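Chain residues, written in single-letter form:
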Amino acid sequence: MLLTLYSNYVNSAGERVRIAMALKKLSYTHVSVGHIGWEAFREINPQRLMPALEVDGHIIQQATAILEWLEETHPERRLLPSDPILRAQARRFAQHIVSEMHAIDVIRVRRFLANDLGLDKLAIDKWQRHWFQRGFAALEEQLVRRGTQWRFCYGETPGWADIHSIPQVQKGLTRFNIDMTDYPLINNVYKACEDHAAFVAARPENQPDWPGEIIEPAIATE
Ligand SMILES: N[C@@H](CCC(=O)N[C@@H](CS)C(=O)NCC(=O)O)C(=O)O
């Protein structure tokens, strides 16, 4: 089976997929959208959103759909807990990140705030930090309420929730100055994943298109 992942070094939805691939020990070809260009990528995903996975010529867009496909077709190293309640809790945790946090912190939203609503950088940063803090507070509460305080979010090995959490924490820390000590349980999981090979391999600085530092895309141009 030939797998090609279209992503960029800095693409947290793509990073989720990279971690999952590494945990499942799957190899794939990485194609940098920065290298092929956005127009070429439009052919792969008309919405121009990363990541996209090509599987033997078929394209899957949306990180969650990709992760579900990976879990269904490569169940050997499970990402979702086997207990149905824990499975639902892990999915809920992940879904919170995908739809309540990540969906509103992306560059297209910030561009709209700047270009269409005329907000300045200070106001956009305030917006950004507000939703990160609110989101992490809700996730922290979910971890507090777990029946067992595992090393990772929902188990003693990393899985679905961790795959979603780590790129979001990393983004909060490196790009939006979020103080993660306010969220000790999320921070503990982050620390537990810091040296884990699959998470290390997926990090922006370990991608073939890493330019040496994170280059923030311009907000004032579409
Ligand atoms: N819901 C999508 C979100 C994808 C997404 O927003 N990706 C970002 C990078 S993390 C992107 O392509 N941004 C380009 C843009 O906002 O124009 C998924 O999970 O795949």
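Conventions adopted
- Residues numbered from 1 in each chain as written.
- Predicted model: local features only at pLDDT ≥ 70, side-chain atom pairs only at ≥ 80, totals over all residues.
- Heavy atoms only, no water.
- Near = heavy atom within 4 Å.
- Polar contact = N/O pair within 3.5 Å; in protein donor to acceptor, adjacent residues only side chain to side chain.
- Areas by Shrake-Rupley, 256 points an atom, 1.4 Å probe, with all protein chains shown as cover.
- 1 Å grid on protein atoms, 1.4 Å probe; cavity = no way out; pocket = protein on both sides within 12 Å on 5 of 7 lines; lining within 4 Å.
- Sits in = over half its atoms within 2 Å of the grid points.
- Helix = DSSP H or I, 4+ residues; strand = E, 2+ residues; numbered from the N terminus.
- Nonpolar A, V, L, I, M, F, W, Y, C, P; charged D, E, K, R; others polar.
- Domains from an automatic or database assignment.
- Pairing = 2+ DSSP bridges.
- Axes fitted to C-alpha atoms, helices over the stretch in contact; angles between N-to-C directions.
- Contact = heavy atoms within 4.5 Å.
- Points joined across faces, edges and corners; volume = space filled by probe spheres on them.
- Buried < 20%, exposed > 50% of the residue type's maximum accessible area, 1.4 Å probe, protein only.

This part covers the site of the ligand. As a structural note, the neighbourhood of the ligand is formed by 14 residues, with Asn11, Met50, Gln62, Ala63 and Arg108 the closest of them. Take methionine 50: an N or O atom from its main chain is 2.8 Å from a nitrogen atom of the ligand. Separating a nitrogen atom of the ligand from a side-chain N or O atom of glutamine 62 is a distance of 2.7 Å. In isolation the ligand has 510 Å² of accessible area, and contact with the protein removes 87% of it. A majority-of-atoms criterion places the ligand in the largest pocket. For the shell around the ligand, the elements supplying multiple residues, two or more each, are helix 1 (12-23) and helix 6 (107-116). Among the residues making up the shell around the ligand, the classes are represented as 7 nonpolar, 4 polar and 3 charged. Taken together, domain 1 (3-77) and domain 2 (84-202) each give at least three residues to the shell around the ligand, which thus spans both.

Pairing is mixed in the open sheet, where 4 strands are placed in the order 2-1-3-4. Each edge of the sheet is formed by a strand with only one pairing partner; in this case those strands are strand 2 (29-32) and strand 4 (58-61). Pairwise comparison of adjacent strand axes, ignoring direction, gives a mean angle of 25 degrees for this sheet. As paired elements, strand 1 (residues 3-7) and strand 2 share 4 bridges and run parallel to each other. Bridging from a neighbouring strand, serine 7 pairs with serine 32 of strand 2. Sheet contacts for helix 1: strand 1 and strand 3 (52-55); angle to strand 1, the most-contacted strand, approximately 150 degrees. Contacting strand 1, strand 3 and strand 4, helix 4 (residues 63-73) crosses the sheet at an angle of about 120 degrees to strand 4.

Turning our eyes to something else, we now look at empty space enclosed by the protein. Scanning the entire structure with this criterion turns up 1 cavity of 30 Å³ or more. What lines the largest cavity is simply Glu15, Ile166, Gln170, Tyr190, Cys193, Glu194, Phe199 and Arg203. Counting residues per element, the ones that place at least two in the lining of the largest cavity are helix 8 (160-176) and helix 9 (184-194). Ranked by the residues each element gives to the lining of the largest cavity, the list is headed by helix 9, at 3 residues.

The space that makes up the largest pocket amounts to roughly 1,200 Å³. Looking at the largest pocket, it is lined by 46 residues, and the ones nearest its centre are Val10, Asn11, Trp38, Met50 and Ile107. For the lining of the largest pocket, the elements supplying multiple residues, two or more each, are helix 1, helix 2 (33-36), helix 4, helix 5 (84-105), helix 6 and helix 8. When its residues are assigned to classes, the lining of the largest pocket shows 20 nonpolar, 14 polar and 12 charged.

Peptide bonds are mostly trans, and most non-glycine residues show a negative phi. Omega for the peptide link from methionine 50 to proline 51 comes to 5 degrees, which places this bond in the cis form. For proline 51, the position within the fold is in the loop between helix 3 (38-44) and strand 3. Look at asparagine 177: it is not a glycine, yet its phi comes out positive at around 55 degrees. Here asparagine 177 is to be found in the loop between helix 8 and helix 9. Accessibility expressed as a relative area gives 64% for asparagine 177, which makes it exposed.

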